[in-house]
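# Geometric and topological summary
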Amino acid sequence: MNLLTMAAALALLAGCAAAGAGEEVEVPGFAFADPAAAAAAWRPNERGAPAALAPERTPDGRPAVAFRCDMPRLQERAYWDWTGAVDLSRHGRIALWIKAVGDLSAVASTTLYFRSGDGWYGAGFGPPEGAWRRVTLDRSAFAPEDAPGGWRALTGMRLSFWKGQDRAATVYVGGVDGQASDVVVVRSARGGDEQRRQAEATATLLARAGADCMSVDDTDVADGALEGKRVAVYPMSPGLLDAEAAALERFVAGGGKVLALYTVPERLAGLLGIRDVGWLGQQHAGQFAAMRFDPGALPGLPAEARQASWNIVRVEPADHHARVIGRWFDAEGRDTGYAAVVVSDTGAYVSHVLLPDDAARKEQMARALLGHLAPPLWKGMADGALARAGRLSRWERFGEAERGVRALAARAGRRAGVDPLLDRATAAYRHASSLAADARYPEALEAASEAGSRLTAAYAAAQPSRAGEFRGVWCHSAYGVEGLTWDEAARRLKEAGFTAVVPNMLWGGVADYPSKVLPVRDRVARDGDAIARCIAASRKTGIQVHVWKVNWNLSGAPDAFVARMRAEGRMQSDNGGHEVLWLCPSHPANFALERDSMLEVVRNYDVDGIHFDYIRYPDSSACYCGGCRRRFEEQTARPADRWPADVLRGGPRYARYQEFRRSNITRLVRAVSEEAHRIKPWIRVSAAVFPNWPSCREEIGQDWGRWVREGWLDFVCPMDYSASSAEFRTRVQVQRGAVAGRVPLYPGIGASAPGLTAAQVIDQVAIARAEGADGFIVFNYDAALVSDHLPALGRGATAVPAHAPHEAPAVEWTLRQAGRPVIGEARAGLPIGLAARLTLHGPFRRAPRAAEGVAEVRRLDDTLARTLGPCKAGGAPVAARSALVAGQYRLVVRGTVTLADGSSRPFTARGPLLRVVR
């Protein structure tokens, strides 16, 4: 460590001793005397370029380090490691400046890691952009890997830049700070993934509500992280450490307040003045549908906040002047008598976690609770809410957003519907600003929330729509959306302009229908055949049903079934010899179980498609069981003497074992696809896949690019879940190249990702269209999607009825230039011979009688570049010669197909991608 770095580390350690709210402390590792010192301090991964001093400083005048990402030389990512002491135990957010120069598509996403003990804490975010950007990461977003030892004794950092396209870019990073806040969300290091997810979701909700909050771990509380803070938030606490409980008691004795959600350990309940009288699951659907509050109970509290909870914790007031201010009401509007919210002199309690549905009123509720617990927070929340009201899509301020939305509406021809919404949004924003200036903060917050909601509604209404695309939702529950029947859920999709639902009906070891192949979930006896109910409801509205299977994964499987799989040697093992709760893909009986369960659905139900998920290994550490060893040795006719060392990365047989892993997954895709199409030629076979092809071929054995090339998939759905639109765009660009127009590409949008707003979902739909995708699919169909995202999309982006490209008749395309076939790329300025022959082959349940359309060359964003002419199935090909300017194009036929019963429907058949270069 050089002297400058050591001095910065000592300053950091000294500053952390008194991390008051609003304070920042600089993380060392970015200030160096010369380029050699920077290169020595940051070690690149293999084949990586040395770090250097950035040629420019951050916007606040601090030095930065430059990291060159030469992605053609790298398989998966470029990363650099720095070693040094850091204590961030009292700072719950990390902020940094980042900028890229060069080809921005080289980097798909970024991860910042901190090394601790025998592991890491890592948080991902979007790719760097072409201008300096301040990124702020809450500690709740950092996932532990291996066995980290806490935030007090961090020993280094890693910056990872994940590969997008095979291009080169240089990333500047500097001005990295730990930040402290008045409101602290406490995450348990022992609580598991669910507790960490709830901590992150709660921190995101509070930030969206305008609160300046941060996250720390329970071990940090024991070390004094709450000193000087105002409110400690405990979402779904699994229990308190003794030292943590003592620190929390000192915090409350000193005037601090606690907000707890759902599970409440005894000492925490005592601090809040409540008594836990037991967990209660819902006794009928919709029992806990909304929280309704006593009129005037707290300033700024809404009358009601909808929430489709499926269980609660029952509590009673016991001490500290605790009183119930809100109760649970069911879907019929009846008072259940159970407490939803309790406040006391020391804090507040909510009897379930805050779910993302009815987001605006949840944010209003959160502000009211925080303002009640710590009145000095009101002003900051009002200022934050006013700033957030104008932060929309690519705009940062309300005036910019208002002008931008008007311009967007003008281009789409939608000013008549959008202008009144914008006028009301502007009036609400001005009113909120006036109220805030008069220190009427609760009223200002409500007006600011209204301004933001109306601005988002105007933005949604200003969006263009398009007809020739797939619009689907994944539904993780076989029984539909909590609180809705399948009939109602299908109707909501239809009203919002969606075309398909992909419901999760079977796993590796359990089915939600009367299966003869898999164990049947107990709920089927009570609620009936989930597939049959979903199909019956969807057929009434014309919504397609593509049944989704989670492959290999044994979550939810009956204990007896898991025990039998274990006894028969059919479970996976990781490379350390530990059991993994997944079926081993190389085991012949597991292959047959997976194949037969999916084909059972195809044979027995009138489904439109069958959908693979988890069609992979869990990660790079599996599977290395004894059965895999025997089968690998048999296939290769050679023993693996040092198992598993010979087949791990760096071992002499690593590459061959990766082929073995891939083949075990691929053979199932091929077998199901071929037999499903034989049983019902019209059925569509698809898969939810990892976004990072081709690196996922080795990481998880998922070679989906090959499945597309071989024609085993009829469409593909990469799970591009990201709150960063820049990352989403880069992912779609890479996937577009991998698919190359062979089958429709439907990128997956993660609406359930923490912090992803309705406007961001709209933006990602627009990006998918602009980058040449054939539609999109959204995760997850739940109460939040129903209340927030579907209405927003239905106002504009999905307002026009759609038809999916995978339902079109086949088109035979011929492309030639200078006497040679064109495969993907042509030269600008030279004529290209283009021919399209429309056929009657396609995924039709009833035989087609006729088809006709118009063949076109369109740009990636679907704007028309060249019309080739009309064509008819069975007729001569339509042909033309055209010189196209440099750019990317898609060959398309749009028309109508007439079926044997005389009915007709529109189609959009998209063909090859064509890149024209100078």
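Structural notes, computed from the coordinates.

Parameters and conventions
- Residues numbered from 1 in each chain as written.
- Predicted model: local features only at pLDDT ≥ 70, side-chain atom pairs only at ≥ 80, totals over all residues.
- Heavy atoms only, no water.
- Helix = DSSP H or I, 4+ residues; strand = E, 2+ residues; numbered from the N terminus.
- Rg over C-alpha atoms; globule rule 2.2 N^0.38 Å.
- Buried < 20%, exposed > 50% of the residue type's maximum accessible area, 1.4 Å probe, protein only.
- Areas by Shrake-Rupley, 256 points an atom, 1.4 Å probe, with all protein chains shown as cover.
- Lys, Arg positive; Asp, Glu negative; His and termini not counted.
- Charge placed at Lys NZ, Arg CZ, Asp CG, Glu CD.
- Contact = heavy atoms within 4.5 Å.
- Pairing = 2+ DSSP bridges.
- Axes fitted to C-alpha atoms, helices over the stretch in contact; angles between N-to-C directions.
- Expected span 1.5 Å × (residues − 1).
- Polar contact = N/O pair within 3.5 Å; in protein donor to acceptor, adjacent residues only side chain to side chain.
- Core = buried A, V, L, I, M, F, W, Y, C linked by side-chain atoms within 4.5 Å.

This part is about the overall build of the protein chain. The helix and strand inventory of the protein chain stands at 23 helices and 42 strands. At 29 Å, the protein chain has a C-alpha radius of gyration in line with the 29 Å of a compact globule built from 918 residues. If you line up the protein chain on its principal axes, its C-alpha atoms span 85 × 70 × 65 Å. The buried share of the protein chain, taken over its 918 residues, is 58%. Surface summary for the protein chain: the accessible area is close to 34800 Å², and the carbon and sulfur share equals 50%. When the 113 positive and 102 negative side-chain charges of the protein chain are each reduced to one mean point, those points stand 7 Å apart.

Further remarks concern the environment of Phe-251. By secondary structure assignment, the location of Phe-251 is in helix α5 (residues 242–253). Along the chain, Phe-251 and Arg-196 lie 55 residues apart, while their C-alpha atoms are 23 Å from each other. The residues touching Phe-251, leaving out its near neighbours within four places in the chain, are Leu-226, Lys-229, Arg-230, Val-231, Ala-232, Gly-256 and Lys-257.

Pairing is mixed in the open sheet, where five strands are placed in the order β36-β42-β41-β38-β39. This sheet does not close on itself; its edge strands, each paired only once, are β36 (825–827) and β39 (864–872). Taking the axes of each pair of neighbouring strands and ignoring which way they run, one obtains an average angle of 30° across the sheet.

You can see Arg-631 is positioned in helix α17 (residues 626–636). Residues in contact with Arg-631, not counting those within four places in the same chain, are Cys-584, Ser-586, His-587, Pro-588, Cys-625 and Phe-660.

Here we take up helix α14 (residues 530–541). In this model, α14 (twelve residues) spans 17 Å end to end at C-alpha, consistent with the 16 Å of a helix rising 1.5 Å per residue. For α14, the set of buried residues is Ala-530, Ile-531, Cys-534, Ile-535, Ala-537, Ser-538 and Thr-541. Looking at the packing, one finds that the buried side of α14 touches α12 (486–495), β25 (500–506), β26 (544–550) and α16 (588–604). One side-chain oxygen of the residue at the start of α14 lies 3.0 Å from the amide nitrogen of Ile-531, identifying that residue as Asp-529.

Counting 125 residues, the largest nonpolar core has Val-405, Trp-704 and Tyr-781 as the members making the most contacts within it. Considering every element that reaches this core, the biggest residue donor is helix α18 (residues 654–679), with eight residues. Ala-199, Leu-259, Leu-369 and Ala-447 belong to the second largest nonpolar core, which has 50 residues in total.

Another aspect to go through is the sheet that holds strand β30 (residues 684–689). Spatial ordering of the open sheet is given by β31-β30-β29-β26-β25-β24-β33-β32, a layout of eight strands whose pairing is parallel. Looking at which strands have only one partner, the edges of the open sheet turn out to be β31 (715–718) and β32 (748–750). Pairwise comparison of adjacent strand axes, ignoring direction, gives a mean angle of 25° for this sheet. One ladder, built from four bridges, connects β30 with β31; its direction is parallel. Residue pairing for β31: Ser-686 is matched across the bridge by Phe-715. Most of the contacts of α12 go to β25, to which it runs at about 145°, and overall it touches β24 (470–475) and β25.

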